[in-house]
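Structural overview for review
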Amino acid sequence: LKMSWFWLYLPLHLLMATSLCHSKKAPTTSSQQSFKTNLFNFYHSLILADGKETTVHLLKDIPKRYYFALEEGRVLAPFSITVTPCDVPIEWSILAYKSPPGKATPGDHDTQEVSKSQKAPSMVSTIFNYKGNSVETYMGMSSHSALYLLEFLSTERDTHITVYLTTDTTSGHLYPELPTDPRIDVIGIGHTTVTLAWKHSPSVLQHRESIQYCLLVNEKHNYKSLCAAETAIRSSGMKLPPTLALSLSPYLLEPQQVMILSNSELSIINKVSSGEVRQVCMGTKNTYTVPNLSPSTQYYFDVFIVNLLTNASAAYTGTFARTLEEPEPKVTELKDGKVIHVVLDGKKQKFYSLQYQARHKKIHFTFQLCQGQIRVHITRNGKTVASENLSGLRYLSLKGKLLDTYLVQLRSAEESNSSVKVQASPHFHKPLFPLLPESLKIKSFSKLRTCRSVTIAWLGTQEESKYCVYRKRIEEDQIWRELQSADRCSGPESRHKSEKVLCKYFYDLNLQRAVTTETIKGLEAGTFYLFDVYLFGPSGLPVRYHSKVVKTRKKC
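For clarity, every value in this text was computed on a predicted model and none was experimentally measured. (Residues numbered from 1 in each chain as written. Predicted model: local features only at pLDDT ≥ 70, side-chain atom pairs only at ≥ 80, totals over all residues. Heavy atoms only, no water.)

Some thoughts on the overall build of the protein
Note the cut-off: Numbering goes from the N terminus for both helices and strands, where a helix is a DSSP run of H or I of at least four residues and a strand is a run of E of at least two. Each residue is assigned to one of three classes by its accessible area relative to the maximum for its type, calculated with a 1.4 Å probe on protein chains only: buried under 20%, partly exposed between the two thresholds, exposed over 50%. In what follows, a contact means two residues having at least one pair of non-hydrogen atoms within 4.5 Å. All accessible-area figures derive from a Shrake-Rupley calculation using a 1.4 Å probe, and residue coverage is judged against the displayed protein chains alone.
In terms of helices and strands, the protein carries six helices and 36 strands. Taken over 556 residues, the protein has a buried fraction of 44%. Long-range contacts, defined here as pairs at least 24 residues apart, represent 75% of the contacts in the protein between residues at least 6 apart. In the structure as shown, the protein presents an accessible area of about 29900 Å², 51% of it carried by carbon and sulfur atoms.

Structure representation (structure tokens):
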């Protein structure tokens, strides 16, 4: 910054003149003391750079000062100062110091000089002051005989701000321009979406390649600047990269962050205590539909126009909208003894509702988990009586009154699809599924493996039941997919006839001895096989044991 040497020495000269007056026992007035204090402030201030955004850190109740003067030789020059609070409201002001008529010299001790120095307080004036947390810009004309002091103060807590001074008002702006009407319009509201539109910034038309729009979505309140939004997210425990969403550089995200890049749009979702905070940059499009919102929830939306070359941004006037309430889910009626097969979409995470009206005091619910993970929630007359994650085959016996209404709500506990079979019945003595053993695992004996055969074993029950064994040849890279995608509700009817090995009946009243083995022959050497066992009960509905993969020996 080019500074006039005259203005650098001006405070020192005035201070010396005032000291001389004091040594001649001139009366000290309060205005003179105030002027001495103001002059002292210059020696404890920093020079504010011209044409550069400066970050200023403020400690609570401790003022911070910067000063500037224009290049000597310019009689009147325009300048502007933009201050952006990044957190709490602050107070800031601009003071102008103008030189007294005539030039003083340190050796001039006559009475006329004393008289001039006593008039010095009239040369200090406050030309602007502001208190708040909005982005404010002051534009003025600077005289070549004036020195300016900027004073900043935070009375709430430690904070930081950005300050931008420029005397070049003709070659463009650091900050992108906002349109005449900077409001964001809500043009569509759904259960899980909100569609927004805003008027184009003039900067987009001039610098399309280096300008883009970024949207911030949160459930707390609107933000008046992008740095205020980033500060709020950090204060909630997040560690954000600086000027997040101002450029598309790859950042190392924290565990609570999710980055999504699709259709040239960068989305970053921060999981914070007050809900999700989403940042989406969509290039120069001035409409956007925010997806995957929660029903019946109020959201706040802020749009920032960002200069990717300078990292400077300007904020549109924020808006808010409440998503529509989720419609009442369709309820399917459960009838005595009837089995309903429910498939749940893991991506939508919607509840599937079943209703059952009791005709007996004691009711038995049966759940057979077919695929994935499922959460079940059961209410009786509006009060919760059971809530848990399902695993395998589950029986729930509930006791109430005649004509009690039960509502069974099911949803997938993971993002992939899940499915389950459900039955409600008052007759537990006529179970839908067979009596189950302690474990549904299939065991293989490594020492009994040969190149052409495999021996497996499984547990039975005290009830005579039918067991069918199936085998399937698979490749090594198919093992994980086969085990994960297995439908535990499907029966042998879904298998190819060539995969069937045998069916047998057995039971043992002594559970310690209720185990059976089977040696499957006619296999190929060094090959992976998938083995399944199906258990059939009186109702004819099968229960599938957990699949087992075994590899025959390569050499014998």
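Comments concerning the pattern of salt bridges
Quick note on the threshold: When a carboxyl oxygen of Asp or Glu lies within 4 Å of a side-chain nitrogen of Lys or Arg, that pair is called a salt bridge.
Within this structure, the stated rule accounts for twelve salt bridges. Where Arg 157 meets Asp 87, a salt bridge forms, and the shortest distance between an N and an O atom there is 3.0 Å. With Arg 157 in the loop between strand 8 (146–153) and strand 9 (159–166) and Asp 87 in the loop between strand 4 (76–85) and strand 5 (90–98), this pair connects stretches of sequence that are 70 residues apart. Exposure remark for Arg 157: the relative accessible area of 42% places this residue in the partly exposed category. Among the charged side chains, a salt-bridge network with shared partners connects Arg 495, Glu 499, Asp 532 and Arg 544.

Observations regarding the state of the cysteines
Spelled out, the test is: The rule for a disulfide is simple: a pair of cysteine sulfur atoms within 2.5 Å.
Considering all chains together, one arrives at five disulfides under this definition. Disulfide pairing places Cys 86 opposite Cys 227 at an S-S distance of 2.0 Å. Measuring the twist about the S-S bond at about -95°, one finds the Cys 86-Cys 227 disulfide to be left-handed. Residue Cys 86 is found in the loop between strand 4 and strand 5, and its partner Cys 227 is found in helix 5 (residues 226–235); the two are separated by 141 residues along the sequence. Each member of the pair Cys 86 and Cys 227 is classed as buried. Bonded cysteines in the protein are paired 1-3, 2-4, 5-8, 6-10, 7-9 when counted in the order they occur along the chain.

Notes on unusual backbone geometry
Here the phi dihedral of Asp 61 falls at roughly 65°; this positive angle occurs in a residue that is not glycine. Take Asp 61: it is sitting in the loop between strand 2 (52–58) and strand 3 (64–68). Even without glycine at this site, Asn 292 takes up a positive phi of about 55°. Along the polypeptide, Asn 292 turns up in the loop between strand 16 (287–290) and strand 17 (298–307).

Section: the environment of His 221
With respect to the helices, strands and loops of the structure, His 221 is situated in the loop between strand 12 (211–218) and helix 5. Expressed as a C-alpha distance, the spacing of His 221 and Phe 320, which sit 99 residues apart in the sequence, is 8.4 Å. Leave out the neighbours within four places in its chain, and His 221 touches Tyr 300 and Asp 302.

Some words on the sheet that holds strand 33 (residues 515–520)
Condition: A pair of strands is labelled paired if DSSP reports no fewer than 2 bridges between them.
Ordered by their spatial adjacency, three strands build an open sheet running 29-30-33, and the pairing between neighbours is antiparallel. Strands with a single pairing partner mark the edges of an open sheet, and in this sheet they are strand 29 (443–444) and strand 33. Sheet topology places strand 29 next to strand 30 (residues 454–459); two bridges connect them, and they run antiparallel. The residue of strand 30 that forms the bridge with Ser 444 is Ile 456.

Focus on the side chain of Thr 379
One can find Thr 379 in strand 24 (residues 374–380). Not counting residues within four places of it along the chain, the set of residues in contact with Thr 379 comprises Thr 384, Val 385, Thr 405, Tyr 406 and Leu 407.

Examining the sheet that holds strand 11 (residues 194–198)
To keep things clear, this is the line we draw: Axis definition: a line fit to C-alpha positions, over the contact stretch in the case of helices; interaxial angles, taken between N-to-C directions, run 0 to 180 degrees.
A sheet is described by the order of its strands in space; here three strands give the open sequence 10-11-16, paired in antiparallel fashion. The open sheet has two edge strands, strand 10 (184–189) and strand 16, and neither has a second partner. In this sheet, adjacent strand axes meet at a mean angle of 25° when their direction is disregarded.

A word on the nonpolar core
Applicable threshold: Side-chain atoms within 4.5 Å are what join buried Ala, Val, Leu, Ile, Met, Phe, Trp, Tyr and Cys residues into a set we call a nonpolar core.
Of all hydrophobic cores here, the largest spans 24 residues; its most connected members are Phe 365, Phe 367, Ile 378 and Leu 410. Looking at this core element by element, the count peaks at four residues for strand 23 (residues 362–371). Setting aside its immediate chain neighbours within four residues, Phe 365 contacts Leu 334, Tyr 356, Ile 378, Arg 394, Tyr 395, Leu 396, Leu 398, Tyr 406, Val 408, Gln 423 and Ala 424. Of all hydrophobic cores here, the second largest spans 22 residues; its members include Val 56, Ile 94, Phe 128 and Ala 146.

In short, the description is geometric, and any link to function would need to be established separately.
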